[in-house]
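If you want the building blocks of each chain, they are given just below.
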Amino acid sequence: MKVTIVGAGAVGASCAEYVAIKNFASEVVLVDIKEDYAEGKAMDLMQTASLMGFDTKITGATNDYSKTANSDIAVITSGIPRKPGMTREELIGINADIVKSVSSSLIEHSPNVTIIVVSNPMDTMTYLVHKTTNLPKNKIIGMGGALDSARFKYRLSEALECPASDVEGMVIGGHSDTGMVPLSRLATRNSVPVSKFLSEDRINQVAEDTKVGGATLTKMLGTSAWYAPGAAVSSLVQAIACDQKKMFPCSALLEGEYGLNDLCIGVPVILGKNGIEKIVEIDLDEAEKAKMKESSEGVKKTNGLLDLKK
Ligand SMILES: NC(=O)C1=CN([C@@H]2O[C@H](COP(=O)(O)OP(=O)(O)OC[C@H]3O[C@@H](n4cnc5c(N)ncnc54)[C@H](O)[C@@H]3O)[C@@H](O)[C@H]2O)C=CC1
Ligand SMILES: O=C([O-])CC(=O)C(=O)O
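Model, not experiment: these values are computed from the prediction.

### Here's the deal with the packing of aromatic side chains
- Summed over all chains, the structure comprises 1 aromatic pair.
- When the ring centre of tyrosine 37 is taken as reference, the NZ or CZ atom of lysine 34 above it lies at 4.0 Å.

### Topic: the site of ligand 1
- Around ligand 1, a shell composed of 27 residues is seen, among which Ala10, Val11, Asp32, Ile80 and Met143 lie nearest.
- At 2.8 Å, a backbone N or O of isoleucine 80 approaches an oxygen atom of ligand 1.
- A distance of 3.1 Å is found between an oxygen atom of ligand 1 and a side-chain nitrogen or oxygen belonging to histidine 175.
- For ligand 1, whose unbound accessible area comes to 870 Å², protein coverage reaches 88%.
- Counting only elements with at least two residues in the shell around ligand 1, the list comes to helix H1 (10-22) and helix H4 (92-109).
- With 3 residues, H4 is the largest single contributor of residues to the shell around ligand 1.
- Among the residues forming the shell around ligand 1, the class breakdown is 16 nonpolar, 9 polar and 2 charged.

### Points about the sheet that holds strand S7 (residues 167-168)
- The sheet built from 3 strands is open, its strands ordered S7-S10-S11 with antiparallel pairing. The outermost strands of the open sheet, each flanked by one partner alone, are S7 and strand S11 (192-193).
- Bridge count between strand S10 (residues 188-189) and S11: 2 bridges; the pairing is antiparallel. When the sheet's bridge partners are listed, threonine 188 is paired in S11 with proline 193.

### What to know about the site of ligand 2
- If you check the shell around ligand 2, you find Arg82, Arg88, Asn120, Leu147, Arg151, His175, Gly214, Thr218 and Ser224 and nothing else.
- At 2.8 Å from an oxygen atom of ligand 2 is found a side-chain nitrogen or oxygen belonging to arginine 88.
- In this structure, an oxygen atom belonging to ligand 2 sits 2.6 Å away from a side-chain N or O atom of histidine 175.
- Summarising the interface, the protein chains cover 95% of the accessible area of ligand 2, which totals 260 Å² for the free molecule.
- Every element with two or more residues in the shell around ligand 2 is listed here: helix H6 (145-160) and helix H8 (213-221).
- Considered class by class, the residues forming the shell around ligand 2 number 1 nonpolar, 5 polar and 3 charged.
- Domain assignment of the residues forming the shell around ligand 2 places at least three in each of domain 1 (2-143) and domain 2 (145-303).

### With respect to H1
- Over its 13 residues, H1 extends 19 Å from the first C-alpha to the last, a length consistent with the 18 Å expected when each residue adds 1.5 Å.
- When H1 is considered as a whole, its buried residues turn out to be Val11, Gly12, Ala13, Ser14, Cys15, Ala16, Val19 and Ala20.
- Directly beyond the C-terminal end of H1, a positive phi value near 60 degrees is found at asparagine 23.

### What about the UniProt feature "domain: Lactate/malate dehydrogenase C-terminal" (unreviewed entry) in the protein chain?
- As recorded in UniProt, the sites labelled "domain: Lactate/malate dehydrogenase C-terminal" (unreviewed entry) are residues 147-301.
- Counted over residues 147-301, helix gives 43% and strand 25%. Its end C-alpha atoms are 23 Å apart.

### Side note on the UniProt feature "domain: Lactate/malate dehydrogenase N-terminal" (unreviewed entry) in the protein chain
- Here the UniProt-annotated "domain: Lactate/malate dehydrogenase N-terminal" (unreviewed entry) positions come out as residues 1-142.
- Taken end to end, residues 1-142 comprises 39% helix and 20% strand; its first and last C-alpha atoms sit 20 Å apart.

### Looking at the packing of helix H5 (residues 122-132) against helix H10 (residues 286-303)
- The interhelical angle for the contact between H5 and H10, taken along N-to-C directions, is 60 degrees, at an axis separation of 9 Å. Classed by the angle they form, the pair H5 and H10 counts as oblique. In the crossing of H5 with H10, the sense of the turn from one axis to the other is right-handed. Touching Asp123, Thr124 and Tyr127 of H5 are Val299, Thr302 and Asn303, all from H10.

About the criteria used
- Residues numbered from 1 in each chain as written.
- Chains lettered and ligands numbered in written order.
- Predicted model: local features only at pLDDT ≥ 70, side-chain atom pairs only at ≥ 80, totals over all residues.
- Heavy atoms only, no water.
- Phe/Tyr/Trp six-rings, centres within 6.5 Å; stacked < 30°, edge-to-face > 60°.
- Lys NZ or Arg CZ within 6 Å of the ring centre and 35° of its normal.
- Near = heavy atom within 4 Å.
- Polar contact = N/O pair within 3.5 Å; in protein donor to acceptor, adjacent residues only side chain to side chain.
- Areas by Shrake-Rupley, 256 points an atom, 1.4 Å probe, with all protein chains shown as cover.
- Helix = DSSP H or I, 4+ residues; strand = E, 2+ residues; numbered from the N terminus.
- Nonpolar A, V, L, I, M, F, W, Y, C, P; charged D, E, K, R; others polar.
- Pairing = 2+ DSSP bridges.
- Domains from an automatic or database assignment.
- Expected span 1.5 Å × (residues − 1).
- Buried < 20%, exposed > 50% of the residue type's maximum accessible area, 1.4 Å probe, protein only.
- UniProt positions renumbered as here; feature names shortened; annotations may be inferred.
- Axes fitted to C-alpha atoms, helices over the stretch in contact; angles between N-to-C directions.
- Parallel < 35°, antiparallel > 145°, perpendicular 65-115°, else oblique.
- Left-handed = near helix turned anticlockwise from the far one by under 90°.
- Contact = heavy atoms within 4.5 Å.

Below you can see the structure in the form of structure tokens.
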């Protein structure tokens, strides 16, 4: 199993580290545009192999896609992150050109690759890859909801004063400060609805903290987060590489599901060796449907800024 990660910055390197530590891939190739940067990150990570006990071979390449040939899975993290006070949408001008050229180079050398898009604004970047490549729709996946759901579970565990492993919950919708739809109604502690333990106000506070999870960390760190993003991507890579058939909220191209069309937005999907093997349609209540509709309008507005010539 060969995994390429484009962008050896904070998220790309964190993802490479978690993929290696989980020890399911034979090979990880890191690619960056900065001379020797990916090679350096790869060497540093390889020097942890005997300490962490993994056998994955990690190599680096400076913009040389021949080294990525025949990758099974490729992760795109190349591009700029936001600074405090910015929205993810403001990154579109620079990141769209990068994502377009990177996806085309990847496919040139790995025509059967499955691509996971991370660069922001992620739903729009995922849509861009659908519109500008000929990959089948199941092989283009946007990562946002897996991270947002992990943050939701963290916030719920704080409120419930319990370990995050006791909590189940999911965030769908756009991966943006206003577009996320945390499904509080369906969140549980060991199958018991969280409303049994928390007031409506506290649950709403958890949802609001979740939505601005990325912005909160960007303010604290001066750039956006990388540990949880890297871990979230590694879980998607593992689900595909190991054909796990696990369910994650991912940004998927919708063609009528959830009453939405012609956009990529976070919905529950089953991930296995074929990438997105199924989009799962859950019954939303009227308030959730309205939030999903509003979120889709925000994503479509950002998509409208793209130049979609192939
Ligand atoms: N979807 C999500 O949930 C998340 C998305 N992100 C996004 O991921 C992206 C990366 O974030 P970080 O790793 O923190 O940024 P970073 O600045 O640490 O790393 C980005 C890397 O991309 C490289 N790069 C730029 N253009 C390139 C090209 N044409 N080819 C190859 N490499 C290129 C840069 O040299 C840099 O090393 C940002 O757009 C950020 O907003 C970050 C966290 C979560
Ligand atoms: O907040 C950002 O810009 C990066 C990101 O998408 C996240 O951490 O959720």
